[in-house]
Amino acid sequence: SGQAFPHAGRRKPFIGDLGVSDPRHPLLSLLEWGADLGPIYEMRIFRQNFVFVSNVELAAELCDESRFCKALPPAITALRQYAGDGLFTAHNDEPNWQLAHELLMPAFTKSAMQSYHPTMLETAGELFDYWDRQSGPVDVTRSMTKLTMETLSRAAFSHDFGSFTTSQPHPFVGAMIRALETGRRKGGLLTAPGGRLLGRYLDHRNADQQAYVDRLLDDLIAERTGSSDQHDLLGIMLNVSHPETGERLSPLNIRYQILTFLVAGHETTSGALSFTLYYLSRNPEVLAAAQREADEILGADPRATPTFEQVPKFRHIRRCLDEALRIWPTVPAFARSPRSETMLADRYRMRPEDWAVIVLGQVHRDPSVWEEPDVYDPDRFLPANIKKRPAHSYKPFGSGLRACIGRQFAIHEAVLVLACLLHRYDLTGDPDYELAVDERLTMVPRDFELGLQPRKQLA
Ligand code: HEM
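Residues numbered from 1 in each chain as written. Predicted model: local features only at pLDDT ≥ 70, side-chain atom pairs only at ≥ 80, totals over all residues.

Enquirer: What's the story with the overall build of the protein in this structure? I'm lost.
Expert: Helix and strand counts for the protein stand at 16 helices and twelve strands. What you see for the protein is a C-alpha radius of gyration of 22 Å, in line with the 23 Å of a compact globule of 459 residues. Overall, the C-alpha framework of the protein stretches about 70 × 55 × 45 Å when taken along its three principal axes. Considering the protein as a whole, with its 459 residues, one finds that 42% of them fall into the buried category. Sequence-distant contacts in the protein: of pairs separated by 6 or more residues, those separated by 24 or more amount to 74%. (Helix = DSSP H or I, 4+ residues; strand = E, 2+ residues; numbered from the N terminus. Rg over C-alpha atoms; globule rule 2.2 N^0.38 Å. Buried ≥ 20, exposed ≤ 12 C-beta atoms within 10 Å, placed from the backbone. Contact = placed C-beta atoms within 7 Å.)

Enquirer: In this structure, what is going on with the pairing of strand β12 (residues 449-454)? I would like to understand it.
Expert: Along a regular strand, successive side chains alternate from one face of the sheet to the other. Two strands pair when backbone bridges link them, and strand β4 (residues 138-139) and β12 are joined in this way by two bridges, in the antiparallel orientation. Directly across from Asp139, in β12, lies its bridge partner Glu449. As defined by bridge partners, strand β9 (residues 425-429) adjoins β12 across five bridges and the pair is classed as antiparallel. Looking at the pairing, Leu427 lines up with Leu452 of β12. (Pairing = 2+ DSSP bridges.)

Enquirer: Is there a simple way to think about the packing of helix α7 (residues 140-157) against helix α11 (residues 251-282) in this case?
Expert: In a pair of packed helices, the angle between the axes and the distance between the axes together describe the arrangement. Contact pair α7 / α11: the axes reach a minimum separation of 8 Å and the direction vectors enclose 140°. Once α7 is placed against α11, the crossing between them reads as right-handed. In this structure, α7 uses Val140, Thr141, Met144, Thr145, Thr148, Met149, Leu152, Ser153, Ala156 and Phe157 to contact α11, whose residues at the interface are Ile258, Phe261, Leu262, Gly265, His266, Glu267, Thr269, Ser270, Leu273, Ser274 and Leu277. Residue composition of the contact of α7 with α11, grouped by class: eleven nonpolar, nine polar and one charged. (Axes fitted to C-alpha atoms, helices over the stretch in contact; angles between N-to-C directions. Left-handed = near helix turned anticlockwise from the far one by under 90°. Nonpolar A, V, L, I, M, F, W, Y, C, P; charged D, E, K, R; others polar.)

Enquirer: Would you mind showing me how to read the site of the ligand here?
Expert: Contacts to the ligand come from 25 residues, most closely from Gly265, Thr268, Gly398, Cys404 and Gly406. Counting residues per element, the shell around the ligand draws most heavily on α11, at seven residues. (Near = placed C-beta within 6 Å.)

Enquirer: I would appreciate a short explanation of helix α12 (residues 284-298) in the present structure.
Expert: One turn of an α-helix holds 3.6 residues; hence residues three or four places apart share an orientation. For α12, spanning 15 residues, the distance from its first C-alpha to its last is 21 Å, which sits close to the expected 21 Å at 1.5 Å a residue. The elements touched by buried residues of α12 are α11, α13 (315-327) and α16 (407-424). Positioned one or two residues after α12, Gly299 has a phi angle of 85°, which is positive. (Expected span 1.5 Å × (residues − 1).)

Enquirer: Please explain the sheet that holds β9 as it appears in this structure.
Expert: What holds strands together in a sheet is hydrogen bonding between their backbones, with the strands either parallel or antiparallel. Strands sit in the order β4-β12-β9 across an open sheet of three strands; the sheet is antiparallel. Two strands close off the open sheet at either side, each with one partner strand: β4 and β9.

Enquirer: Explanation requested: the environment of Pro302 in the structure shown.
Expert: Within the element layout of this structure, Pro302 appears in the loop between α12 and α13. Residues Pro302 and Thr342, 40 residues apart in the sequence, show an inter-C-alpha distance of 57 Å. What Pro302 contacts, discounting residues up to four positions off in sequence, is His423, Arg424, Arg455, Gln457 and Leu458.

Enquirer: So what exactly am I meant to see when it comes to the nonpolar core here?
Expert: Proteins that are soluble and globular tend to have nonpolar side chains buried together. Counting residues in each nonpolar core, the largest one holds 84 residues, and the members touching the most others are Ile317, Leu321, Ala414, Val415, Val417, Leu418 and Ala419. If one sorts the elements of this core by residue count, α11 sits on top with 15 residues. Setting aside residues no more than four positions away along its own chain, Leu321 makes contact with Ala272, Thr276, Ala414, Val415 and Leu418. (Core = buried A, V, L, I, M, F, W, Y, C linked by C-beta atoms within 7 Å.)

Enquirer: So what exactly am I meant to see when it comes to the sheet that holds strand β8 (residues 356-359) here?
Expert: If you walk across this open sheet you meet the five strands as β1-β2-β8-β5-β3, and the pairing is mixed. The outermost strands of the open sheet, each flanked by one partner alone, are β1 (40-45) and β3 (68-70). If you compare each strand with its neighbour and ignore which way they point, the axes differ by 35° on average. By the bridge criterion, four bridges tie strand β5 (residues 333-338) to β8 in an arrangement that is antiparallel.

Enquirer: Would you explain the confidence of the model for the protein in this entry?
Expert: A low pLDDT score tells you not to read the predicted coordinates there in detail. The share of residues in the protein with pLDDT of 70 or more is 91%, and the mean pLDDT across the chain is 89. Across the predicted assembly, pTM comes out at 0.93 and ipTM at 0.99. (pLDDT = per-residue confidence, 0-100.)

Enquirer: Help me understand α13 in this model?
Expert: The first and last C-alpha atoms of α13 sit 19 Å apart over 13 residues, in line with the 18 Å expected at 1.5 Å per residue. Residues of α13 that are buried include every one of Ile317, Arg318, Arg319, Cys320, Leu321, Glu323, Ala324, Leu325 and Arg326, and no others. Buried residues along α13 sit in contact with α11, α12 and α16.

Enquirer: Could you clarify how one ought to interpret the environment of Asp301 in this entry?
Expert: Within the secondary structure, Asp301 sits in the loop between α12 and α13. For Asp301, a count of 12 C-beta atoms within 10 Å corresponds to the exposed category.

Structure, rendered in structure tokens:
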């Protein structure tokens, strides 16, 4: 048997808890609603139950790979319309997941980052030149989104979206985000009466966007087909076959993977950079220490850039990033299902078709593990402090076999960009700015601007 999951107890007939979550801020409004319901709670919308977990103890249980694995809740399943059996949206037992994972892992190791390092530096340099041509404060999130989109598309597909020659993002970015948001909205609707019909209407309205995205990706693949070049991810996907089985990825699956990398890889890292800069601008001592570290490693020339080997030496800057991702994990949640029927917390029965969502923003602020959880303090990530915490208390990149394949990529890029930026400019935040968070596919700060003063040759 097992107990029922706690819920708000004031459910409306038929629609259930619909209306408690604000569609513009689905997760943030949900957190407010669930705040009093304890570390595990259930929401029902029409016929679909959603279970949320918000403390370290339960998250750690769900991260036990021997009992639980990744789940695809409706909002993620809906993305399969665009990303199919690409790495992020594949079911655990789909053959293309295993194949792509094995073929692509070598392209994401720490040492593989060496080949992307020059591209990352070059793209960061273009962003700084773009800023230098502007006057007044810069829009941080928008700039960082241009940067991470360019870095990823150049490193992965050798494709230049020209983001720094126009003030608007490339139309592909807008089309891709609109297409995916339609997918996400559809995911929320599927169990509603008439939901499928509404879904078809959204698809119809969205057909042009999707066709544009598909065409651009297919052209990118066609351009490179037949070339034996393996210098980037696309080259690996087109030319490398599995060492034992000889299998390769199909052109359709390659399109899914490209879209997956573009989506999974750019807004996430952009948000991480933007939140870090926000907290640096609000914490003068932390900022001074980060700038000191950049200066010590990079020397007197404010335009100096790090070598590949120097990037992991920016330890304090790395901790600033880790701490920003604790308070604002840009992928705010992920879902887990039991491998076979089991009891969660010895009380709640879960079957393999059930799933629970780990709400990272709450797990990362669980007061039983994190003291003064709302305070920004990068020293929490000093090695001695990490050791004191229980396993699975910090999971911004997910967990287990299906954890983020791009983690090293994101960290290398973010640390490199922060170090160069702090070495090159002095930052001033607007003291009146109040942090507002936009929920798109991921979480990013809204309308956050920074003044940047180029630094002179350092003594
Ligand atoms: C998976 C977070 C950057 C590609 C994930 C997951 C999380 C995550 C939480 C697991 C989702 C789940 O369990 O359902 C992040 C964050 C990033 C980041 C916070 C930046 C700060 C990147 C980058 C790339 C990338 C740069 C690609 C270059 C992927 C892929 C998966 C994934 C392909 C699916 C892996 C699989 O299931 O095999 N990411 N990610 N991510 N991420 Fe990232």
